[in-house]
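So the chains spell out like this:
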Amino acid sequence: MLHFSVDTKACVSCGRCAEDCLPQVIQMEGKYPAIPNEEHCMRCLHCLAVCPTGAISILGCNAAESKLLKGNLPTPEQMATLMKGRRSVRSYKKENVNPALLRRVLDVAAHAPTGVNARRLWVTVIDDTTCMDAFREEVYQHLEDLTRTNRMPENPRRQFFASAPELWRKGLDPIFRHAPHCVLISNAKDAPCREQDGLIYLSYFELMAQSCGLGTVWCGLLYWCLRLVLPELIPRLGIPESHELGYAMLFGAPAVQYQRTVERGAAEVHHTIWPAR
Ligand SMILES: Cc1cc2nc3c(=O)[nH]c(=O)nc-3n(C[C@H](O)[C@H](O)[C@H](O)COP(=O)(O)O)c2cc1C
């Protein structure tokens, strides 16, 4: 059930909700919009977002709980500062992130788009330093055992994974960068945009987290470690069998403060012409 409802006192019968409805499930029935057949609704909520008078409620969402975009968007300058100022953080305070702050970041990141609005991502978070330490220790221990017993699977990063435990025992943490937390994203194996959805999600997560003063770093090393060497840990993290691990990101309160953006100059862009010659 979509629970699509129209406040007929507010509705001005402009038809914008019907016009912007991609699967065309909204029909103007007399003066007001209606969804006679709910089956093909994409649940994108464009109808609620586009309504100029806030007359539409759907799926438990309504205009009163929405934020007006006009006057509330960050300026392009603010967006550029965030996007140019975000950094890979590899130095963290050993403390838990405030749960309310983390909740906020996760809730906002969950607004990232997914292909066909499938929204089937599974977000796995280690949000406790004690758990993270136990996980980290177990990963290095497994890598050490595999190397010692000559059972490290053939993979392009074999040498790195073989040498990582020794660095860990020396006080370095080449995989987890001493981060107090991590987020792992996975998607249903049959999701229409299985690989892309998770990467987009983590891009949103990173920008929101860094705008809240948290540090993040994409962690290909953890992703590859889990995918290529220790896949048996994936279900133990609570990731369902029906899902595929998409990527990993470390995060926490940063122990390094970056002071400024770096200005890399103009982007290299190749403008094509069509028809091609
Ligand atoms: C897909 C991806 C995977 C990455 N994996 C790791 C990683 O495993 N460990 C790490 O320390 N940094 C990792 N990074 C961070 C990059 O090294 C970093 O983005 C690059 O050095 C530029 O620094 P910046 O992010 O501060 O601009 C990764 C970045 C991306 C985009």
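Definitions and cut-offs
Residues numbered from 1 in each chain as written. Predicted model: local features only at pLDDT ≥ 70, side-chain atom pairs only at ≥ 80, totals over all residues. Helix = DSSP H or I, 4+ residues; strand = E, 2+ residues; numbered from the N terminus. Buried ≥ 20, exposed ≤ 12 C-beta atoms within 10 Å, placed from the backbone. Contact = placed C-beta atoms within 7 Å. Near = placed C-beta within 6 Å. Nonpolar A, V, L, I, M, F, W, Y, C, P; charged D, E, K, R; others polar. Core = buried A, V, L, I, M, F, W, Y, C linked by C-beta atoms within 7 Å. Expected span 1.5 Å × (residues − 1). Domains from an automatic or database assignment. Arc of directions from axis to C-beta.

Trainee: Break down the overall build of the protein chain for me, citing the residues and quoting the values.
Mentor: Across its full length, the protein chain carries 9 helices and 8 strands. Based on the C-alpha atoms only, the size of the protein chain along its principal axes is roughly 75 × 55 × 45 Å. For the protein chain, with 277 residues in total, the buried portion stands at 26%. Sequence separation of 24 or more characterises 75% of the internal contacts of the protein chain that already satisfy a separation of 6 or more.

Trainee: Would you mind going over the site of the ligand in detail, with residue names and values included?
Mentor: Around the ligand, the neighbouring residues are Arg87, Ser88, Arg90, Arg177, Val217, Trp218, Cys219, Gly220 and Leu221. Counting only elements with at least two residues in the shell around the ligand, the list comes to β7 (215-218) and α8 (220-229). The class makeup of the residues in the shell around the ligand is 4 nonpolar, 2 polar and 3 charged.

Trainee: How would you sum up the nonpolar core? Please name residues and give values.
Mentor: Counting 39 residues, the largest nonpolar core has Cys182, Phe205, Leu222, Met249 and Leu250 as its most contacted members. Looking at this core, the elements with two or more residues in it are α4 (99-109), β5 (121-126), α5 (129-148), α6 (158-169), β6 (181-188), α7 (194-211), α8 and β8 (243-252). Residues in contact with Leu250, not counting those within four places in the same chain, are Phe176, Arg177, Ala179, Cys182, Thr216, Val217 and Cys219. Counting residues in each nonpolar core, the second largest holds 12 residues, with Cys17, Cys21, Ile26 and Cys47 among its members.

Trainee: Tell me about α7, and please be specific about residues and values.
Mentor: When the terminal C-alpha atoms of α7 are compared, their 27 Å separation across 18 residues agrees well with the 26 Å that a helix rising 1.5 Å per residue should span. Restricting attention to buried positions, one finds in α7 the residues Arg194, Asp197, Gly198, Tyr201, Leu202, Phe205, Glu206, Met208, Ala209 and Gln210. Summarising the contacts, the buried residues of α7 are in contact with α3 (76-85), α4, β5, β6, β7 and β8. In the stretch just after α7, Gly213 is the one whose phi turns positive, near 90 degrees.

Trainee: Please give an account of the domain arrangement of the protein chain that cites residues and values.
Mentor: Segmentation of the protein chain into domains returns domain 1 (5-65) and domain 2 (78-252). Here the C-alpha centroids of domain 1 and domain 2 sit 38 Å apart.

Trainee: Kindly report on α5, identifying the contributing residues and their values.
Mentor: Here α5 is 20 residues long and its end C-alpha atoms lie 28 Å apart, about the 28 Å a rise of 1.5 Å per residue gives. Turning to α5, its buried residues number three or more, namely Met132, Val139, Tyr140 and Leu143. Summarising the axial view, the buried residues of α5 lie within an arc of 90 degrees, below the 170-degree limit, and thus occupy one face. Looking at α5, the residues exposed on the side facing more than 90 degrees away from the buried face are Thr130, Ala134, Glu137, Gln141, Asp145 and Arg148. Looking at the packing, one finds that the buried side of α5 touches β5, α6, β6 and α8. One or two residues past the end of α5 sits Asn150, with phi positive at roughly 60 degrees.

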